[in-house]
Amino acid sequence: MFFDSTFFQTISMEESPDPPFVETYKSLFDIILDSNKHNDLFMVEECELPLINLHQLKYGDKFEREQCKKKIAKASREWGFFQVMNHGVSSDILDKMRMEQVKLFKKTFNEKTNIEESLNFSEGSYRWGTPTATCLRQISWSEAFHVPLSDVSCSKGFTSLSSTMEQFAITLSELAQQLARLLAEELGRYNKLDYFKETCLPSTCYLRMNRYPACPISPQLFGLMPHTDSDFLTILHQDEIGGLQLYRDGKWISVKPNPEALIINIGDLFQAWSNGVYRSVEHRVVTNKFKERFSTAFFLCPSYDTEILSCVEPRVYRKFTFREFRQQVQEDVKNFGYKVGLPRFLVSTH
């Protein structure tokens, strides 16, 4: 099927909130792939992630608290993903965050590209698509505001958005620190229980507000390409539309949305720090032909000079800094169009 620009007229209008995907990647759309080859993006099994009630962690007796910790550690080992309910983040904060996020993304594309200064966000906070894409399968049909917590705390201009983001960031940061400390404890690293508090700073931890516009040629494009997260922990609040998929036991599975829960996943740094005990799992977002999708994620990241090293022998991964890891990821994406990640840092490769 050959590219027909009229097919996309509804998303290329000047006043549209959608980024100019088609205009930017026109050469990649000249030949549309055979859609029958890519139905695997949707025709996958749907599953419910392990669901853990954190009420037991805070209010349970000693046995219940220990059982809750073991469930979290087990899910981190076997799945790399899990859900938490009674997590301490009020539904009011979550609802307000979603409302403010939708309001922000409803602005026109031109407005969004020029809004960073008025929000007091760092330059480059607004991102969309995949700048390095060389084929359709490397395009991420999405847009996002990538905001360091240091920007959140001093943002001005949109008072309602600023205060809501700050509340959201504080509560998710506390939850991430609690879970990271717990996972360190389950590894027996009692001398490192303050490690995450000392290394994960407001300048490197960040929020990412995501919007996935409806995609007229879904499922031929990803909302977000397959990847692993380059952090310790990610906490995700998503809407009811669905689209998150993860790779498990040799196949892709679709995560069933749960409006009462937050999704937690292990990042590359925790996999290396735990010597491979906890798993950073590849995941992706698929597009929806008719509905847009929103999500907001918190990323627990250390300062760039932080050294990532397991205390367990033999070590699976060599020592590296977060800065070195990020630079290698950026170099690989530039050269190959995708992230290689932790395999670059295996001891056996050096």
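Student: Help me out: how do you make sense of the overall build of the chain in this one?
Tutor: From N to C terminus, the chain includes 12 helices and 15 strands. Against the 2.2 N^0.38 benchmark of 20 Å for 350 residues, the chain shows a C-alpha radius of gyration of 20 Å, consistent with a compact globule. Counting only C-alpha atoms and orienting by the principal axes, one finds that the chain spans roughly 60 × 50 × 35 Å. Buried residues in the chain amount to 52% of all 350 residues. Residue pairs at least 24 apart in sequence account for 79% of intrachain contacts in the chain once pairs closer than 6 positions are excluded. When the accessible surface of the chain is summed, it comes to about 16,600 Å², and 51% of that surface belongs to carbon and sulfur atoms. Across the chain, 41 positive and 45 negative side-chain charges occur, with their mean positions spaced 4 Å apart.

Student: Would you explain helix α4 (residues 62-78) in this entry?
Tutor: The periodicity of an α-helix, 3.6 residues per turn, causes residues three or four positions apart to be oriented the same way. If you check α4, its first and last C-alpha atoms are 24 Å apart, about what 17 residues at 1.5 Å a residue would give, namely 24 Å. Buried within α4 are the following residues: Cys68, Lys69, Ile72, Ala73, Ala75 and Ser76. Looking straight down α4, one finds that the buried residues subtend no more than 160 degrees of arc, so they occupy a single side. In this structure, the buried residues of α4 make contact with β2 (51-53), α3 (55-59), β3 (81-85), α9 (159-186) and β11 (262-266). Two residues or fewer after α4 comes Gly80, characterised by a positive phi angle close to 80 degrees.

Student: Quick question: what am I supposed to make of the layout of surface pockets here?
Tutor: In this approach a probe as big as a water molecule rolls over the atoms, and the regions it shows empty are the leftover space. In this structure, the largest pocket occupies an estimated 1,500 Å³ of space. As for the largest pocket, its lining consists of 48 residues, and the residues nearest its centre are Arg127, His146, Tyr206, Arg208 and His227. For the lining of the largest pocket, the secondary structure elements donating two or more residues are β4 (126-128), β5 (143-148), β6 (206-212), β7 (222-227), β8 (233-238), β12 (283-286), β13 (293-300) and α12 (322-336). At 6 residues, α12 tops the list of elements feeding residues into the lining of the largest pocket. Of the residues assigned to the lining of the largest pocket, the class counts are 21 nonpolar, 18 polar and 9 charged. Approximately 320 Å³ is the volume attributed to the second largest pocket. Elements supplying a minimum of two residues to the lining of the second largest pocket: α5 (91-105) and β8.

What counts, and at which threshold
- Residues numbered from 1 in each chain as written.
- Predicted model: local features only at pLDDT ≥ 70, side-chain atom pairs only at ≥ 80, totals over all residues.
- Heavy atoms only, no water.
- Helix = DSSP H or I, 4+ residues; strand = E, 2+ residues; numbered from the N terminus.
- Rg over C-alpha atoms; globule rule 2.2 N^0.38 Å.
- Buried < 20%, exposed > 50% of the residue type's maximum accessible area, 1.4 Å probe, protein only.
- Contact = heavy atoms within 4.5 Å.
- Areas by Shrake-Rupley, 256 points an atom, 1.4 Å probe, with all protein chains shown as cover.
- Lys, Arg positive; Asp, Glu negative; His and termini not counted.
- Charge placed at Lys NZ, Arg CZ, Asp CG, Glu CD.
- Expected span 1.5 Å × (residues − 1).
- Arc of directions from axis to C-beta.
- 1 Å grid on protein atoms, 1.4 Å probe; cavity = no way out; pocket = protein on both sides within 12 Å on 5 of 7 lines; lining within 4 Å.
- Points joined across faces, edges and corners; volume = space filled by probe spheres on them.
- Nonpolar A, V, L, I, M, F, W, Y, C, P; charged D, E, K, R; others polar.

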